[in-house]
Structures are given as structure tokens and as C-alpha cells.
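# Working through the structure, step by step
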Amino acid sequence: MSALNITDTLQRPLRDLRISVTDRCNFRCTYCMPKEIFGDDYAFMPKSELLSFEEITRLAKLFVAFGVKKIRLTGGEPLLRRDLPDLIRMLTAIDGLEDIGLTTNGLLLKQYGNALYEAGLRRLNVSLDSLSKETFGKMNGRGLGPERILENIDYAKSIGFQVKVNMVVQKGVNDHEVVPMAAYFKERGITLRFIEFMDVGTDNGWSFKQVVTKKEILGLLQETEELEPAEARYFGEVAGRYRYKNADAEIGFITSVSESFCSSCTRARVSSEGKFYTCLFATEGFDLRSILRSGASDGELARAVREVWERRSDRYSDERTEQTAKSRKKIGMSYIGG
């Protein structure tokens, strides 16, 4: 199947699709779903509002027809979505889709990992912000230590998954964990990606003062490690990658704050209720669910997707200031996916 290869107003192609399968999560991470806002009585979306697996697959086929090569399933915590392996099987059958990944906090990996692998999933990104029980417990909002997550990472590797670990670094919170985290995952040959603390949504109290930049993190690591930059593997690769000179492992940097990559952004996002977003920092989305459930043809649905992408002009990270970060009402990360 040949893709139609649409581009936006800045000539950026559509290559990556992130699909949130649920807005629920079993953690309450301070930078994503702080428990002060997402309390025990918080009203999440009922099942009827979520896209069905058939609706997700129908959309995925249309996006692949427009050039998408990679799909990542997100949340919330995607492993909370019942029967997720069924969706993996449906997506792996799409002609032209080259890669499927999943981002998870890792808590339920031992419970569902084997079924996901048998369904065809091969790549996992596991979010882990600290090796310290106290620090990690505070950050995940549940008081849970990292031991179970680390065990589940080892389990996932043992059954064949390619695993990367994502660490959101916040100044004065877990920046003292940068070197220990790097050493731990270097020893295990697992790629660790440092994510600059971003102003996703409006609930995490973000400010520039809390950001630990790539330059600062790299400086800490270079005090003890020899690192060399690695070339990007494809246009639009998010992470800036570095290799250890003395080990078969890499680190990566997601630098949305200090080194914007808007000019090469090829990512679209679909929320769990079927809204189409063209930027992680979007203020609103386009409702695809209503079109899906109106009896529209694939052609009508495809025209809607194409029109949204071809009008796209987002470059928020290029334009971000402290004022815009605080005043602009953005969609929350737990809703739009990471």
C-alpha cells in the first residue's frame, strides 16, 4: 500500500501516531496527574465515550494511508484498558504499519506482558523517575517504591521486549538521581531517556526554574562517562541520542524546552475519546469520534483527517515563554498521552 504522504503548512509529513486508549491511571505522578486534582472521586470517562478497538483500528488504517509508519499506545496507563492484546493483534495486521510501541508505568507488566508479546507487541517505554524509594514514592503519588517496576523491566526483557526507560527530570526533586539511573541502566544495556520537565496541561505547576536541561544533565554524566553523539535514525526522531564509548548502551534526551524540535515534528495524537490533536501542547482537538459514529464513509473520515493536518501550523516549543506556559490552557498529559 502506497501512502499519500500529506504535509502541514510547514511541510512536515505525518509519520507518527500516538493513541491514548484510556484516561485512567493507577499512579498520580506530580507532573502528570497530581492527586490534589485527580483524587479518588475523580470522574474518568465511561466506557461508552472511549473509542472501541474497531474504531481505533479504522482510524489507524486511515492514518497509515496518509504516511504514518509508527504507532505508540499511551494513556493514562494503557495496561488498564481491558483486552489490550486484542487491539495489538488488530493493529499489527495493518498493511504498511512498520512499528507499534507502548508507554507504561510498568506496574502491571508481569501480569500482561506475555499476552502483549504473543499479540505482536515488541517495544516498551517504561516511565521511571528514580531508584530511590522515597523520591519515587513522592513522585508517583502512591508511595510505591521502584523495586516492582525494576523487576518488571527485567521480566519484559527476559521475554524478548525491547525496553527503553523514560525519566522526567525536575530540579530539586530527582535531579540527584541522574547519575545513579544512568549507571544502573548502562550496566543492563537498557536505553535511558532523560525528559526535560514540560508544561503539558495546566495542573503540574510548571516553571522554567524546575527544568534541568539537556546541557546540565549531559554535564553531570560527562564527569564520569565518555559519551559520543549518535546520528538520528530518521527524520523526526524525538530523542537526541548518545552512545557510551565503553558499553553497549545509549542515553537519549527529549529536549522540548531547551532545544525545540518543532521543525521536524511528525506526530499526531488521538485521545481516548477520539479527538485528534496536532501538538502535545494543544488547546483543543478535532472530534473524530462523532464522524466515526455518524455513519460516515472512510472517504469522509479521511478528508477530515487530511484537512486538519494540512492546516497544522503548531510550533509551541519554539514560541514558549514563562507567560504563555502559565496563561495558555493546554490539554493534560493524562488525557492526550505523552
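Residues numbered from 1 in each chain as written. Predicted model: local features only at pLDDT ≥ 70, side-chain atom pairs only at ≥ 80, totals over all residues. Heavy atoms only, no water.

## A look at the overall build of the protein
For the protein, the count of helices and strands is 12 helices and 12 strands. Taken along its principal axes, the extent of the C-alpha atoms in the protein is 60 × 45 × 40 Å. Sequence-distant contacts, at least 24 apart, represent 74% of the contacts inside the protein between residues at least 6 apart. For the protein, the computed accessible surface area is about 14,800 Å², with 47% contributed by carbon and sulfur atoms. (Helix = DSSP H or I, 4+ residues; strand = E, 2+ residues; numbered from the N terminus. Contact = heavy atoms within 4.5 Å. Areas by Shrake-Rupley, 256 points an atom, 1.4 Å probe, with all protein chains shown as cover.)

## Here we look at the pairing of strand β4 (residues 123-127)
Counted residue by residue, β4 has 4 buried out of 5 residues, so it is predominantly covered. Across 4 bridges, the pairing between strand β3 (residues 99-104) and β4 is parallel. When the bridges of β4 are listed, Gly-101 appears paired with Arg-123. The β-α-β motif built from β3, the intervening helix α3 (residues 109-119) and the parallel element β4 has right-handed crossover chirality. Bridge count between β4 and strand β5 (residues 162-169): 5 bridges; the pairing is parallel. Across the sheet, Leu-124 pairs through a bridge with Val-163, a residue of β5. (Buried < 20%, exposed > 50% of the residue type's maximum accessible area, 1.4 Å probe, protein only. Pairing = 2+ DSSP bridges. Right-handed = clockwise from strand over helix to strand, strands pointing away.)

## Some remarks on the pattern of salt bridges
Applying the stated rule across the entire model yields 17 salt bridges. Across the pair Asp-298 and Arg-58 runs a salt bridge whose closest N-O atoms are separated by 2.7 Å. Taken together, the positions of Asp-298 in helix α9 (residues 298-311) and Arg-58 in helix α1 (residues 53-65) put the pair 240 residues apart, joining distant regions of the chain. Judged by its relative accessible area of 41%, Asp-298 falls in the partly exposed class. Looking at Arg-58, the relative accessible area reads 25%, which means it is partly exposed. Ionic pairing is found between Arg-243 and Glu-228, a salt bridge with its closest N-O pair at 3.7 Å. Taken together, the residues Arg-243 in strand β8 (residues 240-244) and Glu-228 in strand β7 (residues 227-229) connect sequence positions 15 residues apart. A residue is classified by how much of its surface remains accessible, and Arg-243, at 34% relative accessible area, is partly exposed. Relative accessible area serves as the criterion here: at 30%, Glu-228 is assigned to the partly exposed category. Counted as one network, the salt bridges with shared partners bring together Asp-8, Arg-12, Arg-312 and Asp-314. (Salt bridge = Lys/Arg side-chain N within 4 Å of Asp/Glu carboxyl O.)

## Remarks on the packing of aromatic side chains
Going through the model one piece at a time under the given rule, you end up with 8 aromatic pairs. Site record: aromatic cluster; members linked through ring pairs are Phe-38, Tyr-42 and Phe-44. Sitting over the face of the ring of Tyr-184, Arg-188 holds its NZ or CZ atom 3.5 Å from the ring centroid. (Phe/Tyr/Trp six-rings, centres within 6.5 Å; stacked < 30°, edge-to-face > 60°. Lys NZ or Arg CZ within 6 Å of the ring centre and 35° of its normal.)

## Things to note about unusual backbone geometry
Excluding glycine, most residues fall at negative phi; most peptide bonds, likewise, are trans. The omega torsion across Gly-75 and Gly-76 is 15 degrees, close enough to zero to call that bond cis. One non-glycine residue, Gln-11, adopts positive backbone phi at about 65 degrees. For Gln-11, the location among the structural elements is in the segment before β1 (16-20). Residues other than glycine seldom take positive phi values, yet Asp-83 does so here, at roughly 65 degrees.

## Some remarks on helix α7 (residues 214-222)
Lys-214, Ile-217, Leu-218 and Leu-221 are the residues of α7 that are buried. Buried residues of α7, viewed axially, fall in a sector of 100 degrees; they line one side. Close packing links the buried residues of α7 with β5, α6 (178-187), β6 (191-196), β7, β8 and β9 (250-254). (Arc of directions from axis to C-beta.)

## Quick word on the pairing of strand β10 (residues 267-270)
Burial of the side chains of β10 extends over both faces: Arg-267 and Arg-269 are buried on one face and Ala-268 and Val-270 on the other. Both β1 and β10 contribute to a ladder of 4 bridges, which runs parallel. The residue bridging Asp-16 from the neighbouring strand is Arg-267, located in β10. Bridge count between β10 and strand β11 (residues 275-277): 2 bridges; the pairing is antiparallel. Its bridge partner being in β11, Arg-269 is matched across the sheet by Tyr-277. Linking β10 back to β11 in an antiparallel pair, the connection comprises 4 residues, with Gly-274 at a positive phi of about 90 degrees.

## A few points about the nonpolar core
Phe-63, Leu-73, Phe-185 and Phe-194 are the most contacted members of the largest nonpolar core, which totals 103 residues. If one sorts the elements of this core by residue count, α1 sits on top with 7 residues. When neighbours within four sequence positions are excluded, Leu-73 is seen to be in contact with Ile-19, Val-21, Pro-78, Leu-84, Leu-87, Ile-88, Leu-91, Gly-101, Leu-102 and Thr-103. (Core = buried A, V, L, I, M, F, W, Y, C linked by side-chain atoms within 4.5 Å.)

## Considerations on the sheet that holds strand β2 (residues 70-74)
What the 12 strands build is an open sheet, ordered β7-β8-β9-β6-β5-β4-β3-β2-β1-β10-β11-β12; its pairing is mixed. Bordering the open sheet on either side are β7 and β12 (286-287), each of which pairs with just one other strand. By the bridge criterion, 3 bridges tie β7 to β8 in an arrangement that is antiparallel. Bridge pairing in β8 places Glu-228 opposite Arg-243.

## A look at the state of the cysteines
The tally for this structure, following the rule as stated, stands at 0 disulfides. Between Cys-32, a free cysteine, and Cys-29, which holds the nearest cysteine sulfur, the sulfur-to-sulfur gap is 6.5 Å. Among the cysteines around Cys-265, which has no disulfide bond, Cys-279 carries the closest sulfur, lying 6.7 Å off. (Disulfide = S-S within 2.5 Å.)

Shape descriptors only; they carry no functional weight alone.
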